[in-house]
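Survey of secondary and tertiary structure
What follows is each chain in one-letter form.
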Amino acid sequence: MKKYDYLIVGGGLFGAVFAHQAMASGKRCLIIDKRPHIGGNIYCEEVDGIRVHKYGAHIFHTDNKEVWDYVNRFVEFNRYTNSPLAYYKGVLYNLPFNMNTFSKLWEVNTPAEAKAKIEEQRGEYADIECPANLEEQALKLCGKDIYEIFIKEYTEKQWGRSATELPAFIIKRIPFRFTYDNNYFNDGYQGIPKGGYNVLIQGLTEGADVLLNTDYFKSRAELDALADHVLYTGCIDEFFDFKYGHLEYRSLRFEHELMNISDFQGNAVVNYNERAFPYTRIIEHKHFEFGCQPHTVITREFPSDFFVGCEPYYPVNDATNTVLLNRYKKLAEELPNVLFGGRLAQYAYFDMDDTVAAALDMARNSFKY
Ligand code: FAD
Ligand code: UDP
């Protein structure tokens, strides 16, 4: 008998939820991660009493009650509501696009005035039936001013390519409404874990054996020999040694700065929508938890090209990559003892709630509960 039922490659949110459910079904789990910590991209590092979202700002939001109840079993959430600001040519606007944004942009006061202005702005773009790319989608949805001020330059910085070469679905994520409501998300549940995301991950992984600084590909045969099954949450193309070629990812670079002032920007998230700024946003971490420290920590988020060796933060789900992904998925289906889950192995732009839901589904299918 092997020592473990499951070798879980990657101690991010997907691996942690699956491990918890596996252990609840009596399975023995070994989690490995190549990083020096578990938690994947939701990991927080404490700097002078402030929890820093080391791999980018993470706000938990969901409409899925099962997922919300599930995460609340491990940690309580605070009442943080994400209301980012957008900085463009010296002016701060409210996001998501709502009456506060429209009134500052066009001096309109009522929803009817704003709707009329947007109709005028959409012009002939309103008639595009099936937007072929992100630019067409944005122009159809919000018209010229909003596209040019808030979307075009930010998106082209973020993705490193023209908005006409990006899939339309990316922009469908941005809420758009005619009320004075700055809540970025439409979901019914939202917040930041009290004590940080590490509390959630610790609760989920309690009882599992963990090996850090362990890259699966450096000792694959020895690690496989330890368990009957593998749950793999790393990049799917890497699992198959890039046999059909490399999937594309977008990466990020984070510059963290500890500052000797109590408040830098008065808000957790400020987007920098102009191309002139090389970063897309500045995060001030204390505001996620209503911190009152005399100092503060900010993080500038710089989009960057992906090359092997840096972190693959975003899949690029365009047509070319989808064809390649489907070829890898076929290979994955031929391996009955290996499960592929999470943002990297499924090559999907999952939010945390999607990740939890997908891991719970996989566990339900595996353990038949
Ligand atoms: P990951 O967190 O990437 O975990 C995968 C783990 O596998 C990593 O720890 C990695 O080190 C490990 N690994 C990979 N390869 C190997 C290997 N060969 N050997 C060993 N270990 C390996 N979601 C929200 O809901 N709200 C947000 O506000 C939000 N903000 C985000 C901001 C950014 C910048 C990014 C990139 C994502 C954001 N997300 C957000 C999405 C969220 O991060 C994901 O849904 C979630 O973290 C995915 O978990 P995962 O386990 O699939 O992947
Ligand atoms: N976006 C934009 N302007 C903004 C914020 C977002 O154009 O001020 C676009 C951009 O293309 C980005 C997408 O909307 O990639 C999704 O942004 P969101 O902040 O929801 O996603 P995240 O980057 O946090 O995953």
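In case you missed it, the structure is sitting above this.
Report on the accompanying structure.

**Quick look at the layout of surface pockets**
Looking at the second largest pocket, its volume works out to about 150 Å³. Surrounding the second largest pocket, Lys 2, Tyr 216, Arg 220, Asp 224, Ala 227, Asp 228, His 229, Val 230, Phe 239, Leu 335, Asn 337 and Val 338 form its lining. Residue assignment for the lining of the second largest pocket shows that the elements contributing at least two residues are helix 9 (220-224) and strand 10 (227-232). The element that contributes the greatest number of residues to the lining of the second largest pocket is strand 10, accounting for 4 residues. Looking at the lining of the second largest pocket, its residues break down into 6 nonpolar, 2 polar and 4 charged.

**So, the sheet that holds strand 10**
Taken together, 5 strands build an open sheet; the order of strands is 9-2-1-10-16 and the sheet is parallel. Each having just a single partner strand, strand 9 (209-211) and strand 16 (338-340) make up the two edges of the open sheet. Geometrically, the sheet is characterised by an average inter-axis angle of 20 degrees between neighbouring strands, direction not taken into account. Strand direction decides the pairing type here: strand 1 (residues 4-9) and strand 10, joined by 5 bridges, are parallel. Bridged to Tyr 6 within strand 10 is His 229.

**Notes on the pattern of salt bridges**
Applying the stated criterion across every chain, the model contains 21 salt bridges. Residues Asp 69 and Lys 65 are paired through a salt bridge, measuring 2.8 Å at the closest nitrogen-oxygen approach. Here the residue Asp 69 and the residue Lys 65 both occupy positions in helix 2 (residues 65-72), the gap between them amounting to 4 residues, near one helical turn. According to the relative accessible area criterion, Lys 65 is partly exposed, its value standing at 46%. Glu 248 is the salt-bridge partner of Arg 161, the closest N and O atoms lying 2.9 Å from each other. Taken together, the positions of Arg 161 in the loop between helix 6 (144-159) and helix 7 (169-172) and Glu 248 in the loop between helix 10 (236-239) and strand 11 (249-259) put the pair 87 residues apart, joining distant regions of the chain. Each member of the salt-bridge network shares a partner with another, and the members are Glu 46, Arg 51 and Glu 289.

**As for the pairing of strand 7 (residues 91-94)**
Pairing of strand 6 (residues 85-88) with strand 7 involves 4 bridges; the strand directions are antiparallel. Within strand 7, the position partnered with Ala 86 by the bridge is Tyr 93. Between strand 6 and strand 7, which pair antiparallel and follow one another directly, the connecting turn spans 2 residues, one of which, Lys 89, has a positive phi of 45 degrees.

**Looking at the site of ligand 2**
Residues in contact with ligand 2 amount to 17 residues; listed here are only the nearest, Phe 150, Thr 155, Trp 159, Asn 273 and Tyr 349. At a separation of 3.0 Å, an oxygen atom of ligand 2 approaches a polar side-chain atom of Asn 273. Looking at the shell around ligand 2, the elements with two or more residues in it are helix 6 and helix 7. Residue contributions to the shell around ligand 2 peak at 6 residues, all from helix 6. Residues belonging to the shell around ligand 2 are distributed by class as follows: 11 nonpolar, 4 polar and 2 charged.

**Observations regarding unusual backbone geometry**
For the peptide bond that leads from Leu 95 to Pro 96, omega is -10 degrees, which places it in the cis range. Summarising the element assignment, Pro 96 is placed in the loop between strand 7 and helix 3 (99-106). You will see that Lys 89, though not glycine, has its phi angle at about 45 degrees, which is positive. Its location among the elements puts Lys 89 in the loop between strand 6 and strand 7. What makes Lys 89 exposed here is its relative accessible area of 57%. Despite not being glycine, Phe 242 has its phi angle at roughly 55 degrees, a positive value. Mapped onto the elements, Phe 242 comes out in the loop between helix 10 and strand 11. Look at Phe 242 and you get partly exposed, because its relative accessible area is 24%.

What counts and what doesn't
- Residues numbered from 1 in each chain as written.
- Chains lettered and ligands numbered in written order.
- Predicted model: local features only at pLDDT ≥ 70, side-chain atom pairs only at ≥ 80, totals over all residues.
- Heavy atoms only, no water.
- 1 Å grid on protein atoms, 1.4 Å probe; cavity = no way out; pocket = protein on both sides within 12 Å on 5 of 7 lines; lining within 4 Å.
- Points joined across faces, edges and corners; volume = space filled by probe spheres on them.
- Helix = DSSP H or I, 4+ residues; strand = E, 2+ residues; numbered from the N terminus.
- Nonpolar A, V, L, I, M, F, W, Y, C, P; charged D, E, K, R; others polar.
- Pairing = 2+ DSSP bridges.
- Axes fitted to C-alpha atoms, helices over the stretch in contact; angles between N-to-C directions.
- Salt bridge = Lys/Arg side-chain N within 4 Å of Asp/Glu carboxyl O.
- Buried < 20%, exposed > 50% of the residue type's maximum accessible area, 1.4 Å probe, protein only.
- Near = heavy atom within 4 Å.
- Polar contact = N/O pair within 3.5 Å; in protein donor to acceptor, adjacent residues only side chain to side chain.

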